[in-house]
Amino acid sequence: MNLEPNFNSIARPYRWLEYLTLGRALERCRLHFLPLLLDQKRALVIGDGDGRFLASLMAANHHIQVDAVDTSATMLELLSKRCKGSTTRLQIHNTSALTFAPTGPYDLVVTHFFLDCLAQPDLEALVNRIAPTLSPGALWLISDFRIPSGSMRLPGRIIVRTLYLAFRLLTGLRTTHLPDHAAPLIQAGLTRIGHHHSLAGLLTTELWQLERSLPLHSPHLNQ
Ligand SMILES: C[S@@+](CC[C@H](N)C(=O)[O-])C[C@H]1O[C@@H](n2cnc3c(N)ncnc32)[C@H](O)[C@@H]1O
């Protein structure tokens, strides 16, 4: 039995469903750190959906080479159309990120509203597979839903639960709660260097960076 979600049927209305439910909040979230990505040279972009972020990235950064990975052929068709001015710099992989063999070296990974589709063990396996393909100082840009603290905690839980239920019905997504991306990223040697919360704390966009070199006191140097 295929347990992978299938986003094909919602690929075309995806943009309008997003605007109708959350307005431009996700769009602002995705683009928040774009000005810091203009010098990156090789990116792995996973689950970018209909390619709105990727088109903006490739329009803003004229030399970046991109591997775009997505399980949805229809999403990739839309992405390809949006990036049609940059096809020589774009390699499309219609496959699961969980089995894709990244080559690298990448100085940028982008996962906007993708890691929250994964169960914790899959997320950890993905980070462990990608981390060795990153060049020193590489950036990983992540946007995801989060549960806010304080008075927005309960409404946040209800909204996230409702979104998971909707995606389960529309795509067959089995994930039911937000995984923790911070722990595996820290374990892989990345540090969060910037973050921005929006929509009453329900959205986060975060920039993580791999250490540029091993610290001098690293046990690796004393072996
Ligand atoms: C919730 S949508 C997010 C789309 C877009 N990144 C955004 O910011 O709205 C998740 C995307 O990840 C893709 N996807 C889901 N599971 C995947 C997997 N295991 N490997 C690669 N892509 C996957 C879906 O086809 C879809 O395009």
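Residues numbered from 1 in each chain as written. Predicted model: local features only at pLDDT ≥ 70, side-chain atom pairs only at ≥ 80, totals over all residues. Heavy atoms only, no water.

An unreviewed UniProt entry annotates the protein chain as Class I SAM-dependent methyltransferase originating from Edaphobacter paludis.

Concerning the pairing of strand β7 (residues 203–210)
Counted residue by residue, β7 has eight buried out of eight residues, so it is predominantly covered. What you see with β7 is no split at all: Leu203, Thr205, Leu207 and Gln209 on one side and Thr204, Glu206, Trp208 and Leu210 on the other are buried throughout. In the sheet, strand β5 (residues 134–145) pairs with β7 via seven bridges, with the strands oriented antiparallel. Counterpart to Asp144 in the pairing with β7 is Thr204. Where strand β6 (residues 190–198) meets β7, eight bridges bridge the pair, whose relative direction is antiparallel. Across the sheet, His196 pairs through a bridge with Thr205, a residue of β7. (Buried < 20%, exposed > 50% of the residue type's maximum accessible area, 1.4 Å probe, protein only. Helix = DSSP H or I, 4+ residues; strand = E, 2+ residues; numbered from the N terminus. Pairing = 2+ DSSP bridges.)

So, the UniProt feature "domain: Methyltransferase type" (unreviewed entry) in the protein chain
Under the UniProt annotation, the feature "domain: Methyltransferase type" (unreviewed entry) is placed at residues 44–138. The straight-line gap between the two end C-alpha atoms of residues 44–138 is 11 Å; of that span, 32% is helix and 27% is strand. (UniProt positions renumbered as here; feature names shortened; annotations may be inferred.)

Details of the site of the ligand
In the neighbourhood of the ligand, 17 residues make up the surrounding shell, with Arg30, Gly47, Asp70, Ala97 and His112 lying closest. At 2.9 Å from an oxygen atom of the ligand is found a side-chain nitrogen or oxygen belonging to Tyr14. The contact in question runs from a nitrogen atom of the ligand to an N or O atom on the backbone of Thr71, over 3.3 Å. Burial of the ligand by the protein amounts to 97% of the accessible area it has alone, namely 590 Å². Tallied by class, residues from the shell around the ligand come to seven nonpolar, seven polar and three charged. (Near = heavy atom within 4 Å. Polar contact = N/O pair within 3.5 Å; in protein donor to acceptor, adjacent residues only side chain to side chain. Areas by Shrake-Rupley, 256 points an atom, 1.4 Å probe, with all protein chains shown as cover. Nonpolar A, V, L, I, M, F, W, Y, C, P; charged D, E, K, R; others polar.)

Topic: the sheet that holds strand β2 (residues 65–70)
Strand order in the open sheet formed by seven strands is β3-β2-β1-β4-β5-β7-β6, and the pairing between neighbours is mixed. At either end of the open sheet lies a strand with only one pairing partner, and these are β3 (90–94) and β6. Taken pair by pair, the neighbouring strands of this sheet meet at an average axis angle of 15 degrees, ignoring direction. Bridge count between strand β1 (residues 42–46) and β2: five bridges; the pairing is parallel. Its bridge partner being in β2, Ile46 is matched across the sheet by Val69. (Axes fitted to C-alpha atoms, helices over the stretch in contact; angles between N-to-C directions.)

Some points on a nonpolar patch on the surface
Nonpolar side chains collect at one region of the surface, where Leu17, Leu165, Leu169 and Leu170 lie side by side and expose about 410 Å² of accessible area between them. Per element, the largest residue contribution to the nonpolar patch is three residues, and it comes from helix α7 (residues 153–171). Here Leu17 lies in helix α2 (residues 14–22). Assessed through its relative accessible area of 39%, Leu17 is described here as partly exposed. (Patch = residues over 30% accessible without salt bridge, like charges linked within 9 Å, V, L, I, M, F, W, Y side chains within 5 Å. Salt bridge = Lys/Arg side-chain N within 4 Å of Asp/Glu carboxyl O.)

Structural notes on the packing of aromatic side chains
What the rule picks out here adds up to three aromatic pairs. Pairing Phe7 with Phe167 gives two aromatic rings, centres 5.8 Å apart and planes at 40 degrees, and the pair type is tilted. Of this pair, Phe7 sits in the segment before α1 (8–11) while Phe167 sits in helix α7, and the two are 160 residues apart along the sequence. Relative accessible area serves as the criterion here: at 23%, Phe167 is assigned to the partly exposed category. Above the ring of Tyr19, the side-chain terminus of Arg24 is found at 4.1 Å from the ring centroid. (Phe/Tyr/Trp six-rings, centres within 6.5 Å; stacked < 30°, edge-to-face > 60°. Lys NZ or Arg CZ within 6 Å of the ring centre and 35° of its normal.)

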